[in-house]
Amino acid sequence: MSKSLSIIGWRERVALPDLGIAQIKAKIDTGARSSALHAFDVETFSRDGKTRVRFKVHPYQRDNHRTVCAEAELIDQRQVRNSGGHAQLRPVIQTMVELNGERWLIELTLTNRDVMGFRMLLGRQAIRKRFLVDAGRSFVQSSTGKRKVKQTTL
């Protein structure tokens, strides 16, 4: 392999600029082939002869007040097996993802992830030939937005 791959942690903060999402915490899931985004109120419609999908996203876990309304071209509907092993037909879109200043196009399935620990999964197709995953580290390529203060006892 000639290209040196960057290392990412098992979770990172990414942006989905085409969808108006400045930051969302994503679990890097090498066990999942596809990437998934928490979406609700998903509706398909037609514009200029193309099928599109309109949906809402709560980009922050445990925060149902901040809502992003987004729209994208529907590129497919696929059967995806969820973490419980059940098949679910999901809409599929393409969008740009950004991590540490690097942008690339990924496919995202839209599904309700309200009860899941992460609003987004970044699957192996999205990170393939781009990153190596350090399963023992978090936010390697993205800041947490919080500074850890080391506490000392006297």
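Predicted model, so just to flag it, every value in this text is computed and none were measured.

A. Quick look at the environment of L19. You can see L19 is positioned in the loop between β2 (11–16) and β3 (21–29). Its relative accessible area of 5% is what places L19 among the buried residues. Between the alpha carbons of L19 and C69 there is a distance of 7.9 Å; along the sequence they are 50 residues apart. Ignoring sequence-local partners within four residues, the contact set of L19 consists of L37, F55, V68, C69, A70, E71, A72, I93, T95 and L108.

B. Up close: the environment of R62. Inspection of the secondary structure assignment puts R62 in the loop between β6 (50–57) and β7 (68–73). In sequence terms R62 and R119 are 57 residues apart; their C-alpha atoms lie 9.8 Å from each other.

C. Just the packing of aromatic side chains, in detail. The full count for this structure, using the stated rule, is two aromatic pairs. When the centroid spacing of 5.7 Å and the interplanar angle of 75 degrees are considered together, the rings of W10 and F118 count as edge-to-face. Note that W10 is positioned in the loop between β1 (6–9) and β2 and F118 in the loop between β10 (102–111) and β11 (120–123), a separation of 108 residues in sequence. Relative accessible area serves as the criterion here: at 11%, F118 is assigned to the buried category. Ring plane angle 55 degrees and centroid distance 5.4 Å describe the contact between W104 and F131, whose orientation is recorded as tilted. Here F131 lies in strand β12 (residues 131–134) and W104 lies in strand β10, a separation of 27 residues in the sequence.

D. Main features of the sheet that holds β6. If you trace the three strands from one edge of the open sheet to the other, you get β5-β6-β7, paired in antiparallel fashion. The sheet is open, and its two borders are formed by β5 (40–47) and β7, each paired with just one other strand. Within this sheet the neighbouring strands show an average axis-to-axis angle of 20 degrees, counted without direction. Pairing of β6 with β7 involves six bridges; the strand directions are antiparallel. Note that in β7 the partner of K56 across the bridge is C69.

E. Structural detail: the pattern of salt bridges. Within this structure, the stated rule accounts for 11 salt bridges. Between K56 and D41 there is a salt bridge whose closest N-O contact spans 3.4 Å. Of this pair, K56 sits in strand β6 while D41 sits in strand β5, and the two are 15 residues apart along the sequence. With a shortest N-O distance of 3.0 Å, E71 and R52 are connected by a salt bridge.

About the criteria used
- Residues numbered from 1 in each chain as written.
- Predicted model: local features only at pLDDT ≥ 70, side-chain atom pairs only at ≥ 80, totals over all residues.
- Heavy atoms only, no water.
- Helix = DSSP H or I, 4+ residues; strand = E, 2+ residues; numbered from the N terminus.
- Buried < 20%, exposed > 50% of the residue type's maximum accessible area, 1.4 Å probe, protein only.
- Contact = heavy atoms within 4.5 Å.
- Phe/Tyr/Trp six-rings, centres within 6.5 Å; stacked < 30°, edge-to-face > 60°.
- Pairing = 2+ DSSP bridges.
- Axes fitted to C-alpha atoms, helices over the stretch in contact; angles between N-to-C directions.
- Salt bridge = Lys/Arg side-chain N within 4 Å of Asp/Glu carboxyl O.

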